[in-house]
Amino acid sequence: RIMATDLAAYRRALAQRLGADVVADPARQSLGDAMPAQLAREKFDVVIETSGSEQAFQDALAQTRKGGDIVFASLPERSFSIDMARHVILGEITLRGVYGRRLDQTWLQVETLLRTHGPQLAQVMTHRLPLADFDAAFALAASGEAGKVVLQP
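Residues numbered from 1 in each chain as written. Predicted model: local features only at pLDDT ≥ 70, side-chain atom pairs only at ≥ 80, totals over all residues. Heavy atoms only, no water.

1. Quick notes on the overall build of the protein chain
- Looking only at helices and strands, the protein chain features seven helices and seven strands.
- Taken from N to C terminus, the helices and strands of the protein chain fall in the order β-α-β-α-α-β-α-β-α-β-α-β-α-β.
- Considered along the principal axes of its C-alpha atoms, the protein chain spans approximately 50 × 35 × 35 Å.
- The buried share among the 153 residues of the protein chain stands at 29%.
- Look at the contacts in the protein chain between residues 6 or more apart in sequence, and 42% of them connect residues 24 or more apart.
- Carbon and sulfur atoms provide 54% of the accessible area of the protein chain, an area that totals close to 10300 Å². (Helix = DSSP H or I, 4+ residues; strand = E, 2+ residues; numbered from the N terminus. Buried < 20%, exposed > 50% of the residue type's maximum accessible area, 1.4 Å probe, protein only. Contact = heavy atoms within 4.5 Å. Areas by Shrake-Rupley, 256 points an atom, 1.4 Å probe, with all protein chains shown as cover.)

2. Topic: the pattern of salt bridges
- As enumerated under the stated definition, the model contains five salt bridges in all.
- The residue Arg-115 makes a salt bridge to Glu-111 at a minimum N-O spacing of 2.6 Å. With Arg-115 and Glu-111 both in helix H6 (residues 103-122) and four residues apart, this pair spans about one turn of that helix.
- Given a relative accessible area of 69%, Arg-115 falls into the exposed group.
- Residue Glu-111 is classed as partly exposed on the basis of its relative accessible area, which comes to 36%. (Salt bridge = Lys/Arg side-chain N within 4 Å of Asp/Glu carboxyl O.)

Read these as geometric descriptors, not functional statements.
Set out below in C-alpha cells:
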C-alpha cells in the first residue's frame, strides 16, 4: 500500500492520480489519523519523507514497522529531537538522510523504474519550460503548483 503526504494540494492530487492509496496533508493531520481503519493497524515497511515537516518526521517514526526503513530527503526548518531508544534502537528502524544522490545506484534504479513504469512516472513531470525561463520554472516549482518542472534547451 502507498500513502503519500505533501504540504501542497496540487502534489497530493497528483499522488492520488498516480495511484496512492491514501493521501494526506502532514500539516493538518497525522498519518495515523489519515489512514482508513483497515490500514491503521498496519505499519509501513519504507517511508520516504520529503516535506521537512517535523510532524511528518515524527509520524514516520511512529508508523514504520519494526525493522523498517526511513529515508529523509528534506531539510527541516529547525532542529527537533526524536526518541532514539523507542524508535530507532528498540524499533530497529534504519534512518537514512539523502541530500543529492548516489550516482551509480540512482541511475540503475531509475533505469529499472522507467522500463517498468515509464508512462506512469512521466506524469510526475507536469511542466516543461524553455531554459531561458528558469526564473519562472523555479518559481513554479517552489509554489507547490507543479510536480517536477523540466527545463529544456
